[in-house]
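Residue-level structure breakdown
Listed below are the residues making up each chain.
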Amino acid sequence: MIVGKVVGSLVSTRKNDNLIGSKFMIIEPLSKMQGENSRLVAVDNVGAGIGETVLVATGSAARVGCGMPDAPIDAAIVGIVDDGMGL
Amino acid sequence: MIVGKVVGSLVSTRKNDNLIGSKFMIIEPLSKMQGENSRLVAVDNVGAGIGETVLVATGSAARVGCGMPDAPIDAAIVGIVDDGMGL
Amino acid sequence: MIVGKVVGSLVSTRKNDNLIGSKFMIIEPLSKMQGENSRLVAVDNVGAGIGETVLVATGSAARVGCGMPDAPIDAAIVGIVDDGMGL
Amino acid sequence: MIVGKVVGSLVSTRKNDNLIGSKFMIIEPLSKMQGENSRLVAVDNVGAGIGETVLVATGSAARVGCGMPDAPIDAAIVGIVDDGMGL
Amino acid sequence: MIVGKVVGSLVSTRKNDNLIGSKFMIIEPLSKMQGENSRLVAVDNVGAGIGETVLVATGSAARVGCGMPDAPIDAAIVGIVDDGMGL
């Protein structure tokens, strides 16, 4: 997983049916976690808000681990980070 | 997922049988999402056109989430982006 | 998926049993698709030859989508590119 | 898999239910394994401590191979490295 | 898949139970295949030795394709390279 900050959100009206109801957030990974220009879009699974520091799971873990095995989701916010040592 | 712009399309006559009927689009990821030289080919799942800004899912999410679990697809356009904050 | 050029092939006598009969091709991705030093080895699923421009699927899509779900394959040539706009 | 050093840990109170009880460690990959700015968060599967050199599995291997197939986990510490030649 | 050279091995006493008996080798990818600082650890599936040039499969292909679907393995040596054109 990586840790990033929620820096925005996305609106998509015309989309895959399995994505209806999903909230798309834009994540800026922490600089120690990824280089520049590595923002990604993650579906929110925990009720995160803009500006919060979050834990993001990618790959099949995002859909299988969030109860959406049939949705075309490859990244999901799976935790709000309270505190971290070494971030 | 990443957000990118549809910059082209691809024609392939001789291909895997599970790809027959698929529309292949060339995606240029937004500069904040990926570095340079990172174009990819995604199957269109929502009827996207050249020049549109789209949401792209990669990995197993692309085939499983788009009802093509047996096709050799690792990227799919799963939404048209209407609006975004933080892109 | 990415688009690349077939620049070579590989011979491996001692290999995993599920790879027997597979043809291994060396792919040089197009420069707009990946940075330098990103050649990869893909199993040929469509009868591609040296010098041809091909569509390559990676990850689980390569084995599941090419009828080799039990083979240790993470990249496969799944189409010959006839023509492309935006490559 | 990659080898890295455990450099920290993470606390997340509000998280996906399948992550309850998981210990999140921050991993700094060895410099020969990855470039700079490539820290990641891995769930601890073997009882690793801060400062230890560990083996980390990523992707679906992390959840399926650690008995947590339904958790949104894409990286796990799966071994403590005693000794290595060529690290 | 990528091609690399076996440059070392790894010893881990305390590890995930599904890894008991596995031989961990350190792989240096060929320079045309990956940039610098991209060594990885792969489980040996074919009896490779230090100094040999090998074919490495990554992702779910490594565990599913090597008969270890329940092991936390994301990379495996699946062939010894005899000869290659374009490497």
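Data block above holds the structure.
All values reported here derive from a predicted model rather than from experimental measurement.

1. Details of the relation of the copies chain C and chain B
Relating the two copies of this chain is a rotation about some axis coupled with a shift parallel to it. Of the transformation placing chain C onto chain B, the axial shift is 0.0 Å and the rotation is 72°, giving an RMSD of 0.0 Å. In short, the pair behaves as if placed about a five-fold rotation axis. Taken together, the interface assignments show that only 3% of the residues at the interface of chain C recur at the interface of chain B, consistent with different surfaces on the two copies.

2. Description of the arrangement of the chains
Taking C-alpha atoms only, the smallest gap left between chain A and chain C, which are not in contact, amounts to 10 Å. Here chain B and chain E are not in contact; the least distance found between their C-alpha atoms is 10 Å.

3. Describing the nonpolar core
Judged by nonpolar contacts, the single largest core of 162 residues is most densely connected at Ile77 of chain A, Ile77 of chain B, Ile77 of chain C, Ile77 of chain D together with Ile77 of chain E. Beyond its immediate sequence surroundings of up to four residues, Ile77 of chain A is in contact with Val6, Met25, Ile27, Ala42, Val43, Asp44, Asn45, Val46, Ala48, Val54, Leu55 and Val56 of chain A.

4. Looking at the interface of chain D and chain A
Accessible area lost when the parts come together is the quantity often used to give the size of an interface. Taken residue by residue, the interface counts 30 residues in chain D and 30 residues in chain A. Summing the contributions of chain D and of chain A, the shared interface buries around 2300 Å²; its carbon and sulfur component is 51%. The largest contributions to the chain D side of the interface with chain A come from Arg14, Arg39 and Asp74 of chain D, which together make up 28% of the buried area. In this assembly, chain D and chain A are joined by one salt bridge. In this structure, the salt-bridge partner of Arg14 of chain D is Glu52 of chain A, at a minimum N-O distance of 3.7 Å.

5. Notes on the pairing of strand S5 (residues 75–80) of chain A
Residues and elements named next belong to chain A. Most of S5 is tucked away: six of the six residues are buried. Relative to S5, strand S3 (residues 40–44) runs parallel, the two being bridged by two bridges. Bridge assignment links Val43 to a residue of S5, and that residue is Ala76. Here five bridges tie strand S4 (residues 53–58) to S5, and the two strands are oriented antiparallel to one another. Within the sheet, the bridge partner assigned to Ala57 lies in S5 and is Ala76.

6. Focus on the interface of chain C and chain B
In this assembly, 30 residues from chain C lie in contact with 30 residues from chain B. Contact between chain C and chain B buries roughly 2200 Å² in total, counting both sides, with carbon and sulfur atoms accounting for 51%. By the criterion of area lost to chain B, the three top residues of chain C are Met1, Lys32 and Met85 of chain C, representing 28% of everything that side buries. Taken together, the connections running from chain C to chain B amount to one salt bridge. Along the contact surface separating chain C from chain B lie 17 residue pairs in polar contact (both at pLDDT 80 or more). Elements represented by at least two residues in the side of chain C that touches chain B include exactly strand S4 (53–58), helix H1 (60–64), strand S5 (75–80) and strand S6 (83–85) of chain C. At four residues, S4 of chain C tops the list of elements feeding residues into the side of chain C that touches chain B. Across the side of chain C that touches chain B, the residue classes break down as 15 nonpolar, eleven polar and four charged. Inspection of the sheet shows strand S1 (residues 2–11) of chain B paired to S6 of chain C by three bridges, in the antiparallel sense. Paired with Ser9 of chain B across the strands is Met85 of chain C, a residue of S6 of chain C.

7. Focus on the pairing of strand S2 (residues 24–29) of chain A
All names here are of chain A. Of all six residues in S2, five are buried; the element is thus mostly enclosed. Inspection of the sheet shows strand S1 (residues 2–11) paired to S2 by six bridges, in the antiparallel sense. Across the sheet, residue Ser9 finds its bridge partner in S2, namely Met25. Note that S2 and S3 share four bridges and pair antiparallel. Looking across to S3, one finds that Phe24 is bridged to Val43.

8. Quick look at the side chain of Asn16 of chain A
As for its position among the elements, Asn16 of chain A is in the loop between S1 and S2. Relative accessible area serves as the criterion here: at 7%, Asn16 of chain A is assigned to the buried category. A distance of 3.1 Å separates a polar side-chain atom of Asn16 of chain A from the backbone oxygen of Gly65 of chain B.

9. Observations regarding the environment of Asn18 of chain A
Residues and elements named next belong to chain A. Structurally, Asn18 is set in the loop between S1 and S2. Judged by relative accessible area, Asn18 falls into the partly exposed class, the value being 39%. Considering only alpha carbons, one finds Asn18 and Leu87, 69 residues apart in sequence, at a separation of 34 Å. Looking at Asn18, its side chain comes within polar contact range of the main-chain oxygen of Asp70, at 2.8 Å.

10. With respect to the state of the cysteines
One pass over the full model with this rule turns up zero disulfides over all chains. Free cysteine Cys66 of chain A: the closest other cysteine sulfur is in Cys66 of chain B, separated by 18 Å.

Calculation rules
Residues numbered from 1 in each chain as written. Chains lettered and ligands numbered in written order. Predicted model: local features only at pLDDT ≥ 70, side-chain atom pairs only at ≥ 80, totals over all residues. Heavy atoms only, no water. Least-squares fit on C-alpha atoms with pLDDT ≥ 70 in both. Contact = heavy atoms within 4.5 Å. Core = buried A, V, L, I, M, F, W, Y, C linked by side-chain atoms within 4.5 Å. Buried < 20%, exposed > 50% of the residue type's maximum accessible area, 1.4 Å probe, protein only. Buried area = accessible area lost by both parts, 1.4 Å probe. Salt bridge = Lys/Arg side-chain N within 4 Å of Asp/Glu carboxyl O. Helix = DSSP H or I, 4+ residues; strand = E, 2+ residues; numbered from the N terminus. Pairing = 2+ DSSP bridges. Polar contact = N/O pair within 3.5 Å; in protein donor to acceptor, adjacent residues only side chain to side chain. Nonpolar A, V, L, I, M, F, W, Y, C, P; charged D, E, K, R; others polar. Disulfide = S-S within 2.5 Å.

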